Amino acid sequence: MILTGPQIAREVEQGRIKIDPFNPRRCTTNSYDLALGSRVGVYLDDILDPTREPKVEYREIPSTGYLLQRGDFVLGHTVERFGSDALVPIVHAKSGFARRGTFVHCTADLIDLGFYGCSTLQLYATLPTVLYPGTLVAQVSWWETFGEIDQLYSGKYQGADGPMPSRSHLDAWAVAARG
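Presented here is an overview of the structure given in this document.

The rules behind the values
Residues numbered from 1 in each chain as written. Predicted model: local features only at pLDDT ≥ 70, side-chain atom pairs only at ≥ 80, totals over all residues. Heavy atoms only, no water. Core = buried A, V, L, I, M, F, W, Y, C linked by side-chain atoms within 4.5 Å. Buried < 20%, exposed > 50% of the residue type's maximum accessible area, 1.4 Å probe, protein only. Helix = DSSP H or I, 4+ residues; strand = E, 2+ residues; numbered from the N terminus. Contact = heavy atoms within 4.5 Å. Polar contact = N/O pair within 3.5 Å; in protein donor to acceptor, adjacent residues only side chain to side chain. Salt bridge = Lys/Arg side-chain N within 4 Å of Asp/Glu carboxyl O. Pairing = 2+ DSSP bridges. Axes fitted to C-alpha atoms, helices over the stretch in contact; angles between N-to-C directions. Phe/Tyr/Trp six-rings, centres within 6.5 Å; stacked < 30°, edge-to-face > 60°.

## Details of the nonpolar core
No. 1: Grouped together as the largest cluster of nonpolar side chains are 33 residues, with contacts concentrated most on Leu123, Leu131 and Trp142.
No. 2: Elements that contribute at least two residues to this core include exactly helix H1 (5–14), strand E2 (32–35), strand E3 (39–43), strand E5 (66–68), strand E6 (73–83), strand E7 (87–93), strand E9 (116–125) and strand E11 (136–144).
No. 3: The dominant element in this core, judged by the number of residues it contributes, is E11, at four residues.

Right, here's the structure in full:
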C-alpha cells in the first residue's frame, strides 16, 4: 500500500519517516518531491570493473547549470537525507524532468528499510539537458511492509552524504574474484 501525501506528512511528524530538511508543501498526491544536490560524481575509468574501486571525480554544479550531453552519465544526489525503519522508500523521476529525456534513477530505485542518508541519483541524458542545484528532479513514495522485518540496512551506503559511486568491489563475491 502506497502512502498519500498527507499520510507522509503525518508519518514524518510521528517519526516513522525521516526527511531532512522537510517541507510539507513538497508532499504531493502520493509522494514527496526531492531536490538535486550541489555535486555530481563522474567516473574516470574507461571500463568499470565491479571487482575494482572506481575512480571518481566530484564536481560542483554551478548556479549557472551543469550541461549533460546526450549519452552522459553522472551520479547526483538528493539535498534531502531520508529513510525509515518501518516504511519502504522508492525513488522515481519527476515526470517533468523525465520528459526532458533525462533518467534520474536508471535502476536502483528501491531503498532498504533502515537506510538513512542522501539518495544517489543515476542521471543519464538521452538529450542534452542542464542540471541546476535545488531543482525538483525526483520524488520518493513510501510503501507499507508486509511480514516481519528481520534486519535493518546497515550496509556500505549507509549515511550517504552526496553522490556515492558503486561499492560493489566491497562485496564478498568481488573480493573472492580478486583472489
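## Details of the environment of Glu11
No. 1: Secondary-structure assignment places Glu11 in helix H1.
No. 2: Contacts of Glu11, omitting those with residues within four sequence positions, involve Leu3, Arg16, Ile17 and Leu87.
No. 3: Only 2.6 Å separates the side chain of Glu11 from the side chain of Arg16, close enough to count as a polar contact.

## Overview of the pattern of salt bridges
No. 1: The final tally for this structure, using the stated rule, is seven salt bridges.
No. 2: When the shortest N-O distance is used, the salt bridge between Glu144 and Arg16 registers 3.8 Å. Of this pair, Glu144 sits in strand E11 while Arg16 sits in the loop between H1 and strand E1 (18–20), and the two are 128 residues apart along the sequence.
No. 3: One salt bridge in this structure joins Glu57 and Arg59, with 2.5 Å as the shortest N-O distance.

## Considering the sheet that holds E11
No. 1: Here three strands make up an open sheet; going across it, the order is E2-E11-E7 and the pairing antiparallel. Each edge of the sheet is formed by a strand with only one pairing partner; in this case those strands are E2 and E7. Direction aside, the axes of adjacent strands within the sheet are offset by 35 degrees on average.

## A short note on the pairing of E6
No. 1: Counted residue by residue, E6 has eight buried out of 11 residues, so it is predominantly covered.
No. 2: Of the pairings in the sheet, the one linking E1 to E6 comprises three bridges and is antiparallel in character. For Lys18, the partnering residue across the bridge sits in E6 and is Gly83.
No. 3: Here E6 runs beside E9; their pairing, made up of eight bridges, is antiparallel. Across the sheet, Phe82 pairs through a bridge with Gly117, a residue of E9.

## Description of the packing of aromatic side chains
No. 1: A complete count under the given rule lists five aromatic pairs for this structure.
No. 2: Between Phe103 and Tyr124 the ring centres are 6.0 Å apart and the planes differ by 45 degrees, which places this aromatic pair in the tilted class. Here Phe103, found in strand E8 (residues 102–103), pairs with Tyr124, found in strand E9; they are 21 residues apart in sequence, far enough to count as distant.
No. 3: Among the residues examined, Tyr124 registers a relative accessible area of 31% and is labelled partly exposed.

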